[in-house]
Amino acid sequence: MESLATYGVFLLLIVVVAVPYWIRVHKAKEHSSTAFAKSKKAGLGLPVTLHPHIDQAACIGCGSCVEICPEHVLGLVNGRATIVSGMKCVGHAVCADVCPVGAIIMGFGTPTHGTEIPQYDGHFQTNVRGVYIVGELGGIGLIKNAVSQAIKAIDHVASRNRQRRPDGYDVAIVGAGPGGIAAALAAQEKGLRYIVLEQEGIGGTILHYPRQKLVLTSPLDLPLYGRLKVREIKKEELLSLWQMLATKFSLNIQIKRKVEQIDVVEDGVVLRSGDLSVHASTVLLALGRRGSPRKLGVPGEESAKVMYRLIEAESYTQKHILVVGGGDSAIEAAVALCRQPGNKVTLSYRRAEFVRIKEKNEKNIHNSIASRKITALMNSKVVEIKEGGVVIQENEKVFHDIPNDFVFVFAGGEMPTGLLSRLGIKMRTLEKSAKAA
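What comes next concerns the included structure. One numbering rule holds for all chains: residues counted from 1, following each sequence as written. In keeping with the predicted nature of the model, local features appear solely for residues at pLDDT of at least 70, side-chain atom pairs appear and are counted solely at 80 or more, and the whole-chain, interface and lining totals rest on all residues. Derived side-chain values reflect all non-hydrogen atoms in the structure, with water molecules and hydrogen atoms excluded from consideration.

Considerations on the sheet that holds strand 22 (residues 380-385)
Part 1: Here a strand pair is declared whenever DSSP counts at least two bridges between the two strands. Working definition: helices are DSSP H or I runs of at least four residues, strands are E runs of at least two. Numbering for both runs from the N terminus. Pairing is antiparallel across the open sheet formed by 3 strands, whose spatial order is 22-23-24. The open sheet is flanked by strand 22 and strand 24 (398-403), the only strands paired with a single partner. Recorded for the sheet is a direction-independent mean angle of 25 degrees between the axes of neighbouring strands.
Part 2: Sheet topology places strand 23 (residues 389-394) next to strand 24; 6 bridges connect them, and they run antiparallel. Across the sheet, Gly389 pairs through a bridge with Pro403, a residue of strand 24. Axis definition: a line fit to C-alpha positions, over the contact stretch in the case of helices; interaxial angles, taken between N-to-C directions, run 0 to 180 degrees.

So, in C-alpha cells, the structure goes:
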C-alpha cells in the first residue's frame, strides 16, 4: 500500500511539474526555431551593433540567457543558445552576466564579416602617437568598458613626459559620454590640464536611447566620485548622474562643439571646431560608432525646426509633425508624439514595410496607424522642407505637400571614419568578432 502511495505521488509530480515544464520547453524551442528561420529568411538575423557572441561548444543549453533577455533576441535552437532576432539586440549584456559557463561575450561584427576597428595598444593608444581611442569606436561596447578604458588611457597620458604650450592642454577629450566623462574625472584627479569637446550634450550616445531604457547592469568605479553601486540604472538616472558629476567637479566640458578636424603637429595635436582651435599634447577619442546623425540632404534641412533626436515628447502638442525613418528610434518617437494632445503625426519611410523593429514597437506602430493616430507614407522620401510644410514623394509618383511645424529625422549615423583616416590611424578586423560563432 505504501509503495502504491509513493508511486501515486510520483505520477502526480510528473503530471503537475514535469509535463507543464516539458510543454513550456517544447513551445519555447518551437518558437525559437520559427523566429530564427523567419529572421534568417528576411535577412534580419545579424545584429548591427554590440551583441552577444556565443561559444556553441561551451554553451550547456541552460536557457538562462534566453529567459533574461529583455528584447527576446536569443532562443534555444538545437539545444544551444542562438541569436534568433539579431536586429532587436540593443547590447544590454545581461545575457553575458548570467551565463554560468562564460560562453557569451559582447562584441561587434558578424561571424563572416567581422568589423573594422582602429589599431591600438594595451594603453588604447593608436599607431599615431598621442592619439587614444576608447569605447564603442574602439570595437568594445558597454558603459563599464568605456569607463575602465578611459581611466587606463588617462593613466598612461599622466605617466608620459609631456611638454605643452602655456595656452595648451595635456589632453583634449572628444565626446562627453561615459568614456569622456570618466576620462575628464581621471584627468582632473591626476592634475592634468584637459578640455572636453562634445558635439551634442552631456551623455553622448546615451542621449539617443529611448526613455527609461536600461543602460547599465554592473557597478562602476569612477575617479573622484567613487563606486557607483547600482546594478541597474535607467537612461534618465544615468544622464542626471553625468550632469551632477560635471557640476560637482566643475568639469571643463564644452557642448555643441563638433570636432571637424584634428591635425597632428610636432608638439601634439590641434583640434578645430568652428571658430575654436585647441592645442593639446594628446587627444582621447571617446566617440560612439554612431558618429554624427545622417542627414537627408534636401532643401530646407538647415531649418531650426529639423531635429535628429527627441528628448521630451510632452513638449510637443497641437502640432503637425513629420518623423522620418522606420527603425526603432523613429517608431518610438512617432508613437510618443502621436499620444500628445492635438498632434497630427506623419511617418515617412523609404521601405514598403517595417522590417527591423522590436515586437513591441511593431505592435504599437500598427495600432497607431490603424487608429489613424499616425499617417504612414511607405516607399516615400522627403523632397523639400519648407517654412510651414514639407514635400514628400511617395512611390516615385505622388507628391504630398503637408502642413508641418517640426521634422524629426532618424536616418542613422555616420561613423567618424573620415576623421580617423585623415589622422592616419590604421584599421584592423576585430578577430574575436570575426571568428565568434
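Let's talk about the packing of aromatic side chains
Part 1: Two rings belonging to Phe, Tyr or Trp (six-membered ring only in the last case) form a pair when the distance between their centres is within 6.5 Å. Interplanar angles under 30 degrees mark stacking, angles over 60 mark edge-to-face geometry, and anything in between is tilted. Inspection of every chain in the model, using the stated rule, returns 4 aromatic pairs.
Part 2: Their ring planes at 80 degrees and their centres at 5.0 Å tell us that Tyr316 and Phe406 sit as a pair that is edge-to-face. Of the two residues, Tyr316 sits in the loop between strand 18 (306-307) and strand 19 (320-324) while Phe406 sits in strand 25 (residues 406-409), which places them 90 residues apart along the sequence.
Part 3: Each residue is placed in one exposure class: buried if its accessible area under a 1.4 Å probe, protein chains only, is under 20% of its type's maximum, exposed if it is over 50%, and partly exposed if it falls in between. Here Phe406 falls in the partly exposed class, since its relative accessible area comes to 22%.
Part 4: Judged by centre distance (5.6 Å) and plane angle (10 degrees), the rings of Tyr349 and Phe354 are stacked. By the burial criterion, Tyr349 is buried, and Phe354 matches it.
Part 5: By the ring-pair criterion, three or more aromatic residues cluster together here, those being Tyr316, Phe406 and Phe408.
Part 6: Here, over-ring charges are defined by two tests on the NZ atom of lysine or the CZ atom of arginine: distance to the ring centre within 6 Å, and angle to the ring normal within 35 degrees. Lying over the aromatic face of Tyr169, Arg193 brings its terminal NZ or CZ to 4.5 Å of the ring centre.

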